[in-house]
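# Chains, contacts and geometry: an overview
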Amino acid sequence: MKTASIEQLVIRFAGGMILVSLLLATLHSMHWLWFTALVGANLLQASFTGFCPLAKILKAIGVQPGTAFK
């Protein structure tokens, strides 16, 4: 079985965090939408700069990179 690349894990994590924050905004407090915005802003800046904190952490623990975050 092929292991997931850094890019795949970053996208999965970001998508999961967005879905969780939307669920929390619906069930708990609309203030959770700020977390959704933070995740979106981080994805946007990563697309321009190539810097992603989660990608750096995953690389440090030995996950193999794909092509986007090196």
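Check the entry above for the structure.
An account of the accompanying structure is given in this report. Please read these numbers as outputs of a predicted model, since none were measured by experiment. (Residues numbered from 1 in each chain as written. Predicted model: local features only at pLDDT ≥ 70, side-chain atom pairs only at ≥ 80, totals over all residues. Heavy atoms only, no water.)

### Focus on the nonpolar core
If you look at the biggest cluster of nonpolar residues, it comprises seven residues: Ile6, Val10, Ala46, Cys52, Ala55, Leu58 and Val63. Residue assignment for this core shows that the elements contributing at least two residues are helix H1 (6–27) and helix H3 (53–60). (Core = buried A, V, L, I, M, F, W, Y, C linked by side-chain atoms within 4.5 Å. Buried < 20%, exposed > 50% of the residue type's maximum accessible area, 1.4 Å probe, protein only. Helix = DSSP H or I, 4+ residues; strand = E, 2+ residues; numbered from the N terminus.)

### Observations concerning the packing of aromatic side chains
For the coordinates displayed, the defined rule picks out one aromatic pair. Ring geometry for Trp32 versus Phe35: centroids 6.5 Å apart, planes at 80 degrees, classification edge-to-face. For Trp32, a relative accessible area of 33% corresponds to the partly exposed category. Relative accessible area serves as the criterion here: at 29%, Phe35 is assigned to the partly exposed category. (Phe/Tyr/Trp six-rings, centres within 6.5 Å; stacked < 30°, edge-to-face > 60°.)

Function cannot be read off these values alone, since they describe shape.
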